[in-house]
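Residue-level listing of the chains:
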Amino acid sequence: MRVYQWVLVRWIALSIKQIIQDWYVGKFVPYENEPNSGLIFIGGTQQRHWTALAAAALIHFYLAHWKWIIGTAVAIVAMYLN
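From a predicted model like this one, the values you see are computed outputs, not experimental measurements.

S.K.: What should I look at first to understand the overall build of the chain in this one?
M.R.: Helix and strand counts for the chain come out as two helices and two strands. Moving toward the C terminus, one meets the helices and strands of the chain in the order α-β-β-α. Relative to its length of 82 residues, the chain is extended, with a C-alpha radius of gyration of 22 Å against a globular reference of 12 Å. Its C-alpha atoms give the chain principal-axis dimensions of roughly 75 × 45 × 15 Å. The burial tally for the chain puts 2% of its 82 residues in the buried class.

Next up, the structure:
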């Protein structure tokens with residue numbers, strides 16, 4: 001593989017990684033401040049896309065219950081093969 005091909009592959013991989021990271025983290029939404037108020041709220045929240053929330057829920061579920069998920073999958077495959 002030539003150097004320019006390697007650079008192109010690396011650039012594409014990093015671009016895809018950045019796109020997925022931006023999708024998963026979401027966009028920053030600052031707190032709204034009253035225009036005529038002397039009180040100022042600093043900060044904001046991250047708003048995730050609903051698919052990112054669903055993916056996070058599936059990942060957390062798998063990480064919490066991986067033992068019986070793998071066991072169930074092995075049992076189903078074993079029953080299918082018999």
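On we go.
S.K.: Honestly, the packing of aromatic side chains in this entry has me stumped. Any pointers?
M.R.: Given two aromatic rings, their pairing is described by the distance between the two centres and the angle made by the two planes. Taken as a whole and judged by the stated rule, the model has two aromatic pairs. A ring pair is formed by W23 and Y24, whose centres lie 6.3 Å apart and whose planes are at 55°; its orientation type is tilted. Exposure remark for W23: the relative accessible area of 34% places this residue in the partly exposed category. With a centroid separation of 6.0 Å and 85° between ring planes, the pair formed by F61 and W68 is classed as edge-to-face. Residue classification places F61 among the partly exposed positions, given a relative accessible area of 40%. Given the relative accessible area of 48%, W68 is considered partly exposed. The side chain of R48 reaches across the aromatic face of Y24, ending 4.4 Å from its centre.

S.K.: Explanation requested: helix 2 (residues 50–81) in the structure shown.
M.R.: Because the α-helix completes a turn every 3.6 residues, residues three or four places apart line up on one side. The first and last C-alpha atoms of helix 2 sit only 37 Å apart over 32 residues, clearly below the 46 Å expected at 1.5 Å per residue. The largest bend in helix 2 is about 85°, located at H65.

Conventions used here
Residues numbered from 1 in each chain as written. Predicted model: local features only at pLDDT ≥ 70, side-chain atom pairs only at ≥ 80, totals over all residues. Heavy atoms only, no water. Helix = DSSP H or I, 4+ residues; strand = E, 2+ residues; numbered from the N terminus. Rg over C-alpha atoms; globule rule 2.2 N^0.38 Å. Buried < 20%, exposed > 50% of the residue type's maximum accessible area, 1.4 Å probe, protein only. Phe/Tyr/Trp six-rings, centres within 6.5 Å; stacked < 30°, edge-to-face > 60°. Lys NZ or Arg CZ within 6 Å of the ring centre and 35° of its normal. Expected span 1.5 Å × (residues − 1). Bend = angle between axes of the 7 residues up to and from the residue.

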